[in-house]
Protein chains: 2
Amino acid sequence: MLLSQHGKLLVKAIDSNLRPTSWIPVRLLASFAQTDSSFFTPRVNKQRLWEDIHHSCQWGKGERWGKGETDTGMSRLSLSDSDRMARNWFEETTRSLGCTTCIDAMGNTFATRKGRQQGPPTCAGSHLDTQPTGGRYDGILGVCAGIEMLRVLQDEKIESEYPIGVINWTNEEGARFPISMVASGVWAGRIALERAHAIREVGGGKQTMRQELERIGYLGDMEASYKAMPIGAHFELHIEQGPRLEAKNQKIGIVQGVQAYRWHTITVKGRDCHTGTTDFANRSDAMLTAAKMILHSHRLAAKCASLASTGILTLTPGSTNTVPGTVCFSLDIRAGEDGRLMRLEEDLRADFGKIARNEAVDDLNDARTIGKGCTVEWSLDAPSEAIKFDKDCIACVTDSAKEIFGTEFENRTQEMTSGAGHDSVFTSYRVPTAMIFVPCKDGVSHNPVEYCSPEDCAYGAQVLLGAVLRYDKLRAEKSK
Amino acid sequence: MLLSQHGKLLVKAIDSNLRPTSWIPVRLLASFAQTDSSFFTPRVNKQRLWEDIHHSCQWGKGERWGKGETDTGMSRLSLSDSDRMARNWFEETTRSLGCTTCIDAMGNTFATRKGRQQGPPTCAGSHLDTQPTGGRYDGILGVCAGIEMLRVLQDEKIESEYPIGVINWTNEEGARFPISMVASGVWAGRIALERAHAIREVGGGKQTMRQELERIGYLGDMEASYKAMPIGAHFELHIEQGPRLEAKNQKIGIVQGVQAYRWHTITVKGRDCHTGTTDFANRSDAMLTAAKMILHSHRLAAKCASLASTGILTLTPGSTNTVPGTVCFSLDIRAGEDGRLMRLEEDLRADFGKIARNEAVDDLNDARTIGKGCTVEWSLDAPSEAIKFDKDCIACVTDSAKEIFGTEFENRTQEMTSGAGHDSVFTSYRVPTAMIFVPCKDGVSHNPVEYCSPEDCAYGAQVLLGAVLRYDKLRAEKSK
């Protein structure tokens, strides 16, 4: 190990693949390895990390977008057969690296490597499930970087102060079971186990989470709780899923927190009627009304630098020549601060009511298109407050990045707020937490073409490893 | 029979249920039975017709809306098991009334009762399939009124000049197999049999029409063609499916023709992306773009006294936190004249392209909501030109209504254009055709609460019977 084991500032040199070659004095390293402290992190293996990522992506391959072997998206819905295969690989791999593994009642899997002292592990965590048309990096990078961390600790025979762990959280995406981050939410005591177990899958099937956990053999005996499975801290490496790092040619986002979001299901009820024989004045057209609401949600969100999106829409009865009597659509609204988000929601609630009742809202209800009106109901599916991450954890990420980038630190890193929710939102309620972002091509995520280069994956894994080891050391210092 | 069999102007008196009681001289009848010609029509049995309608509705009952036994909608999708039961009843009933039945390769069922002379039958036809959330009168009334016609002819031992027939057309609604009136279209030589047989069901299943015809035993041996199964004329009784008759307290719509319509599937393609991390400027949001198009289609249609409707919308991938990359929606546009409809379509094609490309269209693409743009494609599923019905057939309907309403004829009837397509559209390409409308409550159709009173059903059936017998007589006169 390099933690001044021999009293010398030594690190391993790396080749163009970030592969360690031989021990050399730290001053010979390029800027990549300059440091602003007495702390030296062993190097991750870029090639090995890349291979782990794509090895794990053999299960649940999605749409092909290029000719290369790894040029496909992913479609690994939570608790599917392909998710089971990826989970089995995670368990086997972490065990082979000297970890014990525990599975809780939500299928969350905790791999823990012993430290000098007993205590809750300092963890790297993320998720192996994907969107139905997702990519190979969202979540998967974070788990695989955790595995790479274990490989480095193993290779270098590093003894940490406290245990170090890697976590695979269940159903982070919320794509199959429509509450995202539900399993870290149960672990954090923010979502009731019974409610989580009862979530029914969307997309045609009829199974609940509990049924599917049981079917794939991941309904663990351990209680899903931060009390039954305490951890010391949570670090999560993730692709940015947006364009900001790439736009500035930066390599690391030091995430300060997560924007607030609220997911709703909006139900518009009108009346089915025949498309050919019912003039507009006599219709209660739920689809037209929903279309107005969707457009309006974007207009209002844009006004207050917030976001609004509709990703699911179903209508009844669903026939070309019947005006739909019922439309349900998802409304995902987000803002950097809780107050701003709630004001947006209040405005939308008021205006959706007006749109449904044929009252004036901008030009949406002009006389040409209004009929007899509809009703509208809101149902809150998933609220998530704005999150501020832990100062110590952020400092460990910052120092780890400084070690890599040295004088280039300011140019190559950016403090940012996460636009997306992550399991780190829920862990932050219970333990010190921070996140590390790396760029993804064109800012694209939740899409088969999602891409993070081998170099950027390795940068992220390197910062993760450095942050976890720093936090481990910090815990030891604090306990003295 | 009453056709001056005894050289006297006799009809049967009717009780409050339109039930014939005894033969009486015509001059004693109330205005209901006044006549402007020497032609007298035997009376339909209101109660028996009502019982036939609701007997046939035991198969495929839909949503309940009231406490009465018949207060449910219908959900009898074409070629379903419940449709098979209704078809079996139609065959058995018409055979028991002295008809021979033929089934063609589209499952169209022709029940024919002999006349004095050989020749193609003068027919009453409609359909027994319904929308998924349909009612008890759309189509069903027309077939049951045909059966009531057979019952009257049987009871009164009426010998018509030419054969008289009743037809149950397959999949008129187009709800399960998404080309409406497809089977009369094949019969008329306007839709290729192979294309019709290959139509795949919507709504989750994977079967083709041919597979389902075979499964329920209605893939007939006879060619589906007006050549293999010629008919002499087609009369169709139908509920109006709109509010115009009810608004004027009128009983009979004398239908002059059918408005033109064109059904399209519009495919909007953008790019899937994460809802939390992608700002509006970087999105290609297919759902938002589709919402703008749906709103715009209503605005343009209203401008030119036409109709536009979206009854089906599907999106991909369908996740709350993924902006949809693809949205497909149905667009049903209608107008009284072909030229007006084509101009509307041309305008919509141009404007949908602009909406997708972020060009200005009214206020829809204001800067707040535009992103990187989408593409849009149109696919024409079902065109139907404006139809003018046959003058002789319309005259028979008119005379039949005059017989009933006498001096009240002007007040109780209305000449109208059908807003909806019907099998009569396709029959009109090959044989003289006309339609009769009766009012339905609040103009509602394609909805479980669709309702036509027993009296109005009977008025319609009475006009139908009179029109068919008049046309039979007309054919005989013309052949002399």
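Cut-offs used in this document
Every chain is numbered on its own, with residues counted from 1 as its sequence reads. Written order decides the labels, with chains lettered from A and ligands numbered from 1. Only residues with pLDDT of at least 70 get local features here, since the model is predicted, and only at 80 or more are side-chain atom pairs given and counted; chain-wide, interface and lining totals rely on the full set of residues. To obtain the side-chain values, all non-hydrogen atoms of the structure were used and water was disregarded. Using only the protein atoms, space was sampled on a 1 Å grid; points where a 1.4 Å probe fits but cannot get out form cavities, open sets with protein on both sides within 12 Å along at least five of seven lines form pockets, and lining residues are those with an atom within 4 Å of a point. Grid points are joined across faces, edges and corners, and a volume is the space filled by probe spheres set on the points. The way it works is that DSSP assigns letters per residue, a run of H or I at least four long becomes a helix, a run of E at least two long becomes a strand, and they are numbered from the N terminus. The buried label applies to any residue whose accessible area, calculated with a 1.4 Å probe on protein chains only, is under 20% of its type's maximum; exposed applies above 50%, and partly exposed to all values in between. Note: two strands are recorded as paired if DSSP finds a minimum of 2 bridges between them. Only the stretch in contact is used when fitting a helix axis, every axis being a line fitted to C-alpha atoms; angles between N-to-C directions are given from 0 to 180 degrees. Any angle from 65 to 115 degrees is called roughly perpendicular, while one under 35 is roughly parallel, one over 145 is roughly antiparallel, and all others are oblique. Handedness of each helix crossing follows the sense of rotation of the near helix against the far helix: counterclockwise by less than a right angle gives left-handed, clockwise gives right-handed. We call two residues in contact whenever any of their non-hydrogen atoms come within 4.5 Å of each other. Charged means Asp, Glu, Lys or Arg here, nonpolar means Ala, Val, Leu, Ile, Met, Phe, Trp, Tyr, Cys or Pro, and polar covers whatever is left, Gly included. Only one rule defines a salt bridge in this text: a Lys or Arg side-chain nitrogen within 4 Å of an Asp or Glu carboxyl oxygen. For the purposes of this description, domain bounds are those given by an automatic or database domain assignment. Once two parts are joined, some of their accessible surface, as seen by a 1.4 Å probe, is lost; buried area is that loss totalled over both. Any pair of N or O atoms that falls within 3.5 Å is considered a polar contact. Within protein, one atom must be able to donate a hydrogen and the other to accept it, and sequence-neighbouring residues count only if both atoms are side-chain atoms. Any two rings among Phe, Tyr and Trp, with Trp reduced to its six-membered ring, count as a pair given centres within 6.5 Å; such a pair is stacked if its planes are under 30 degrees apart, edge-to-face if over 60, and tilted if neither. Two limits define a charge over a ring: the Lys NZ or Arg CZ must be within 6 Å of the ring centre, and within 35 degrees of the ring normal. To superpose the copies, least squares is applied to the C-alpha atoms of every residue with a pLDDT of at least 70 in both.

- The name that an unreviewed UniProt entry assigns to chain A is Amidase, with the source organism given as Stereocaulon virgatum.

Re the layout of surface pockets
The gaps of empty space that remain are located by a probe, the size of a water molecule, rolled over the atoms.
So, step 1. In this model, the largest pocket occupies a volume close to 630 Å³.
So, step 2. What lines the largest pocket is a set of 26 residues, and nearest its centre among them are L313 of chain A together with I312, L313, T314 and L315 of chain B.
So, step 3. When contributions to the lining of the largest pocket are tallied by element, the ones reaching two or more residues are strand 14 (313-316) of chain A together with strand 11 (260-269), strand 14 (313-316) and strand 16 (326-335) of chain B.

Section: the pairing of strand 20 (residues 433-438) of chain B
Residues in a regular strand point their side chains to alternate faces of the sheet.
Residue and element names in this part refer to chain B.
So, step 1. Among the six residues of strand 20, six are classified as buried, and the element is accordingly described as predominantly covered.
So, step 2. Covered by surrounding structure in strand 20 are T433, M435 and F437 together with A434, I436 and V438, the residues of both alternating faces.
So, step 3. Pairing between strand 10 (residues 252-258) and strand 20: three bridges, direction antiparallel. By the bridge assignment for strand 20, I254 is matched with I436.

Quick notes on the pairing of strand 8 (residues 164-169) of chain B
All names here are of chain B.
So, step 1. Counting buried residues in strand 8 gives six out of six residues, a clear majority hidden from the surface.
So, step 2. Of the two faces of strand 8, the one holding I164, V166 and N168 and the one holding G165, I167 and W169 are both buried throughout.
So, step 3. One ladder, built from five bridges, connects strand 6 (residues 109-113) with strand 8; its direction is antiparallel. In the sheet register, R113 faces strand 8, and the bridge partner there is I164.
So, step 4. Sheet topology places strand 7 (residues 122-127) next to strand 8; six bridges connect them, and they run parallel. Opposite S126, over in strand 8, you have N168 as the bridge partner.

Overview of the packing of helix 3 (residues 140-155) of chain A against helix 13 (residues 454-479) of chain A
Residues and elements named next belong to chain A.
So, step 1. The contact between helix 3 and helix 13 brings their axes to 9 Å, and the two run at 60 degrees. One finds that helix 3 runs oblique with respect to helix 13. Both helix 3 and helix 13 take part in a crossing whose hand is right-handed. From helix 3, L141, A145, G146, M149, V152 and L153 reach across to helix 13, where they touch C457, A461, L464, L465, V468 and L469.
So, step 2. By residue class, the composition of the contact of helix 3 with helix 13 is eleven nonpolar, one polar and no charged.

Some words on the pattern of salt bridges
Residue and element names in this part refer to chain A.
So, step 1. Under the defined criterion, the tally for this structure stands at 57 salt bridges over all chains.
So, step 2. Between R151 and D52 there is a salt bridge, with the nearest N and O atoms lying 2.8 Å from each other. Of this pair, R151 sits in helix 3 while D52 sits in helix 1 (residues 46-56); the two residues are 99 residues apart in sequence, bridging distant segments of the chain.
So, step 3. Relative accessible area serves as the criterion here: at 17%, R151 is assigned to the buried category.

Some thoughts on unusual backbone geometry
So, step 1. Omega for the peptide link from T316 of chain A to P317 of chain A comes to 5 degrees, which places this bond in the cis form.
So, step 2. Note on placement: P317 of chain A falls in the loop between strand 14 and strand 15 (322-323).
So, step 3. The phi dihedral of D442 of chain A is positive, around 55 degrees, even though this residue is not glycine.
So, step 4. On the accessibility criterion, D442 of chain A (43% relative accessible area) is partly exposed.
So, step 5. At L79 of chain B, a residue that is not glycine, the phi angle is positive and equals roughly 65 degrees.

What about the domain arrangement of chain A?
Residues and elements named next belong to chain A.
So, step 1. We note that the domain assignment places domain 1 (37-259 + 386-479) and domain 2 (260-384) within chain A.
So, step 2. Using only C-alpha atoms to locate each centre, domain 1 and domain 2 end up separated by 35 Å.
So, step 3. Between domain 1 and domain 2, the residue contacts involve 13 residues of the former and eleven residues of the latter.
So, step 4. Of the roughly 870 Å² buried where domain 1 meets domain 2, counting both sides, 45% is carbon and sulfur surface.
So, step 5. On the domain 1 side of the interface with domain 2, the three residues burying the most area are S180, Q259 and A386, jointly 55% of the side's total.
So, step 6. Inspection of the region where domain 1 meets domain 2 yields zero salt bridges.
So, step 7. Along the contact surface separating domain 1 from domain 2 lie four residue pairs in polar contact (both at pLDDT 80 or more).
So, step 8. When its residues are assigned to classes, the side of domain 1 that touches domain 2 shows seven nonpolar, four polar and two charged.

What about the packing of aromatic side chains?
So, step 1. For the structure on display, the rule yields 26 aromatic pairs over all chains.
So, step 2. Aromatic side chains F110 of chain B and W169 of chain B sit 5.6 Å apart centroid to centroid with 80 degrees between the ring planes, which places their arrangement in the edge-to-face category. On the criterion of sequence distance, the pair formed by F110 of chain B in strand 6 and W169 of chain B in strand 8 is long-range, its members being 59 residues apart. Like W169 of chain B, F110 of chain B is buried.
So, step 3. Taken together, a centroid distance of 5.6 Å and an interplanar angle of 40 degrees make the contact between Y261 of chain B and W263 of chain B tilted.
So, step 4. Judged by relative accessible area, Y261 of chain B falls into the buried class, the value being 2%.
So, step 5. An aromatic cluster of at least three residues, connected via ring pairs, comprises F110, W169, W187 and Y226 of chain A.
So, step 6. Sitting over the ring of Y261 of chain B, R334 of chain B keeps its end group 4.6 Å from the ring centre.
So, step 7. Directly above the ring of F409 of chain B sits K402 of chain B, whose terminal nitrogen or CZ lies 5.3 Å from the centroid.

Thoughts on the interface of chain B and chain A
So, step 1. With 68 residues of chain B in contact, the opposing surface of chain A contributes 68 residues.
So, step 2. Here chain B and chain A share an interface that buries about 5,700 Å² over both sides, 59% of which is from carbon and sulfur atoms.
So, step 3. Considering only the side of chain B, the residues that lose the most area to chain A are F280, T320 and R368 of chain B, jointly responsible for 11% of the buried surface there.
So, step 4. On the surface where chain B and chain A come into contact, there are four salt bridges.
So, step 5. Its salt-bridge partner being D366 of chain B, residue R299 of chain A comes within 3.3 Å of it at the nearest N-O pair.
So, step 6. In this structure, the connection of chain B to chain A is made through 34 residue pairs in polar contact (both at pLDDT 80 or more).
So, step 7. Sorting the residues of the side of chain B that touches chain A by element identifies strand 12 (273-274), helix 8 (286-303), strand 13 (307-309), strand 14, strand 15 (322-323) and strand 16 of chain B as the ones contributing at least two each.
So, step 8. The greatest single-element share of the side of chain B that touches chain A, amounting to eleven residues, is contributed by helix 8 of chain B.
So, step 9. When its residues are assigned to classes, the side of chain B that touches chain A shows 25 nonpolar, 27 polar and 16 charged.

Things to note about the environment of M229 of chain B
So, step 1. Its place among the elements puts M229 of chain B in the loop between helix 6 (209-215) and strand 9 (233-239).
So, step 2. Separated by 126 residues in the primary sequence, M229 of chain B and I103 of chain B place their C-alpha atoms 9.6 Å from one another.

Quick notes on the environment of E359 of chain B
Residue and element names in this part refer to chain B.
So, step 1. With respect to the helices, strands and loops of the structure, E359 is situated in the loop between helix 9 (338-357) and strand 17 (375-384).
So, step 2. On the accessibility criterion, E359 (33% relative accessible area) is partly exposed.
So, step 3. Residues E359 and G373, spaced 14 residues apart in sequence, show a C-alpha to C-alpha distance of 9.4 Å.
So, step 4. If we skip the residues at most four places from it in the chain, E359 touches K354 and N365.
So, step 5. There is a polar contact of 2.8 Å between the side chain of E359 and the side chain of R357.

What to know about the relation of the copies chain B and chain A
So, step 1. Mapping chain B onto chain A calls for a rotation angle of 180 degrees and an axial translation of 0.0 Å; the resulting RMSD is 0.0 Å. Here the copies are linked by what is in effect a two-fold axis. Judged by C-alpha distance, A291 of chain B is the residue of chain B that lies nearest the rotation axis, at 2.2 Å.
So, step 2. A shared interface surface links the copies, since 100% of the contact residues of chain B are contact residues in chain A too.

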